[in-house]
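# A closer look at the structure
Chain residues, written in single-letter form:
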Amino acid sequence: VQSALLEAMEERQVTVAGKTHKMAPLFMVMATQNPVEQEGTYPLPEAQMDRFLMHVMITYPPVEDEVKVIQLVRSEEAAAANESAKKDNTAKPPAIPQQSVFHARREIVGIHVSDAMARYMADLVNATRIPASFGEDLPRWIEIGASPRASLALDKCARTHAWLNGRDYVDPLDARAIVADVMRHRLGLSYEAQGEGVTPDQVVDEIVKQVALT
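Described in the following lines is the structure provided in the data block. Every value quoted in this text rests on a predicted model; they were computed, and no experiment measured them. (Residues numbered from 1 in each chain as written. Predicted model: local features only at pLDDT ≥ 70, side-chain atom pairs only at ≥ 80, totals over all residues. Heavy atoms only, no water.)

It is the contact of helix H8 (residues 148-164) with helix H9 (residues 172-183), at a shortest axis distance of 9 Å, that shows an interaxial angle of 130°. As judged from the angle between their axes, H8 and H9 are oblique. Every pair of crossing elements has a handedness; the one defined by H8 and H9 is right-handed. Two secondary-structure elements touch here, H8 through Ala150, Ala153, Leu154, Cys157, Ala158, His161 and Ala162 and H9 through Asp174, Ala175, Ala177, Ile178, Val179 and Val182. Of the residues that constitute the contact of H8 with H9, the class distribution is eleven nonpolar, one polar and one charged. (Axes fitted to C-alpha atoms, helices over the stretch in contact; angles between N-to-C directions. Helix = DSSP H or I, 4+ residues; strand = E, 2+ residues; numbered from the N terminus. Parallel < 35°, antiparallel > 145°, perpendicular 65-115°, else oblique. Left-handed = near helix turned anticlockwise from the far one by under 90°. Contact = heavy atoms within 4.5 Å. Nonpolar A, V, L, I, M, F, W, Y, C, P; charged D, E, K, R; others polar.)

Right, dumping it as structure tokens:
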């Protein structure tokens with residue numbers, strides 16, 4: 001199972017009985033982590049964690065949004081109980097054409113990244129590998145630094161962030177906005193950091209403070 005998932009995430013294909021099947025162009029892998037219930041679950045190997053583009057933290061929704069969830073579920077239950085209402089609500093919003101996604105991808109590829117920005121993103125990642133050069137806390141906290149996949153992911157996500165904000169170039173704010181999502185699952189924290197209750201996000205915040213844009 002692990003080998004098949006690794007192949008799908010990296011090569012975007014699956015091999016069964018010696019025959020290789022290419023994944024669909026919009027194929028992606030999504031996974032959830034439950035911080036409360038751990039029985040029957042096991043940590044993924046570092047190499048497999050590294051293949052996830054981002055680790056996004058999802059907290060409880062705002063109360064206003066939770067009220068909307070209550071109202072939505074209530075309306076769905078009412079529609080299901082009333083056959084005529086159910087038929088009236090069968091029309092769904094049109095799906096986003098796949099071509100629109102491919103077009104967005106092409107535009108994101110064309111987002112400009114200056115040499116200075118590319119170096120800045122690489123420096124952010126490299127700081128996790130040479131933490132002794134960036135203050136006293138980072139070398140105590142970081143056991144394993146991020147791989148080159150982190151730099152590639154940071155570049156891709158920064159370009160996407162710039163595109164979503166209507167810009168055709170990447171600036172430092174784009175990199176800083178998504179660097180925690182890109183690196184929090186790629187850092188190996190030391191026992192000392194875990195004992196002190198230091199989180200990956202705190203480590204990333206310290207890296208951002210220490211690494212200058214040259």
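So, on to helix H6 (residues 115-126). Here H6 spans 16 Å end to end across twelve residues, near enough to the 16 Å set by a 1.5 Å rise per residue. All buried positions along H6 are accounted for by Met117, Tyr120, Met121, Asp123, Leu124 and Val125. At its buried positions, H6 is contacted by H8, H9 and helix H11 (200-210). (Expected span 1.5 Å × (residues − 1). Buried < 20%, exposed > 50% of the residue type's maximum accessible area, 1.4 Å probe, protein only.)

Okay, the side chain of arginine 167 next. Summarising the element assignment, arginine 167 is placed in the loop between H8 and H9. Filtering out sequence-adjacent residues up to four positions away, arginine 167 remains in contact with Ile111, Ala162 and Asp174.

Take the nonpolar core next. With 33 residues, the main nonpolar core has Leu154, Met183, Val203 and Ile207 as its most contacted residues. Elements that contribute at least two residues to this core include exactly H6, helix H7 (137-141), H8, H9 and H11. Residues within four places of valine 203 in sequence aside, it is in contact with Leu138, Trp141, Ile142, Leu187, Leu189 and Val198. (Core = buried A, V, L, I, M, F, W, Y, C linked by side-chain atoms within 4.5 Å.)

This next bit is on the pairing of strand S2 (residues 19-22). Judged from the four bridges that link them, strand S1 (residues 13-16) and S2 form a sheet pairing that is antiparallel. By the bridge assignment, threonine 15 is partnered in S2 with threonine 20. Between S1 and S2, which pair antiparallel one after the other, the connecting turn spans two residues, and alanine 17 there sits at a positive phi close to 55°. (Pairing = 2+ DSSP bridges.)

This part takes up the packing of aromatic side chains. Going through the model one piece at a time under the given rule, you end up with zero aromatic pairs. The cationic tip of arginine 167 hangs over the ring face of tyrosine 169; the distance from NZ or CZ to the ring centre is 5.4 Å. (Phe/Tyr/Trp six-rings, centres within 6.5 Å; stacked < 30°, edge-to-face > 60°. Lys NZ or Arg CZ within 6 Å of the ring centre and 35° of its normal.)

This brings us to the environment of alanine 116. Of note, alanine 116 is situated in helix H6. Residue classification places alanine 116 among the partly exposed positions, given a relative accessible area of 34%. Expressed as a C-alpha distance, the spacing of alanine 116 and threonine 214, which sit 98 residues apart in the sequence, is 6.6 Å. Residue contacts for alanine 116: discarding those within four places in its chain leaves Leu213 and Thr214.

Time to look at unusual backbone geometry. With a phi close to 55°, arginine 12 is a non-glycine residue in the positive phi region. You can see arginine 12 is positioned in the loop between helix H1 (2-11) and S1.

Per the counting criterion, the structure on display carries 13 salt bridges. As a salt-bridge pair, arginine 140 and glutamate 192 come within 2.7 Å of each other at their nearest N and O atoms. Placement of arginine 140 in helix H7 and of glutamate 192 in helix H10 (residues 191-195) is noted, with a sequence separation of 52 residues between them. Residue glutamate 192 is classed as partly exposed on the basis of its relative accessible area, which comes to 40%. Arginine 184 is the salt-bridge partner of aspartate 181, the closest N and O atoms lying 2.6 Å from each other. What you see here is one network of salt bridges that share partners, running through Glu10, Asp50, Arg51, Arg149 and Arg186. (Salt bridge = Lys/Arg side-chain N within 4 Å of Asp/Glu carboxyl O.)

Relative to the helices and strands, serine 190 is located in the loop between strand S4 (188-189) and H10. Reaching out from serine 190, the side chain makes a polar contact with the backbone oxygen of arginine 140 at a distance of 2.5 Å. (Polar contact = N/O pair within 3.5 Å; in protein donor to acceptor, adjacent residues only side chain to side chain.)

Assignment of secondary structure puts valine 170 in the loop between H8 and H9. With relative accessibility at 5%, the residue valine 170 sits in the buried group. Distance in space between the C-alpha atoms of valine 170 and methionine 117 is 7.3 Å, their sequence separation being 53 residues. Setting aside its immediate chain neighbours within four residues, valine 170 contacts Ile111, His112, Val113, Met117, Ala158, Arg159 and Ala162.

Purely spatial values, then, with no claim about function.
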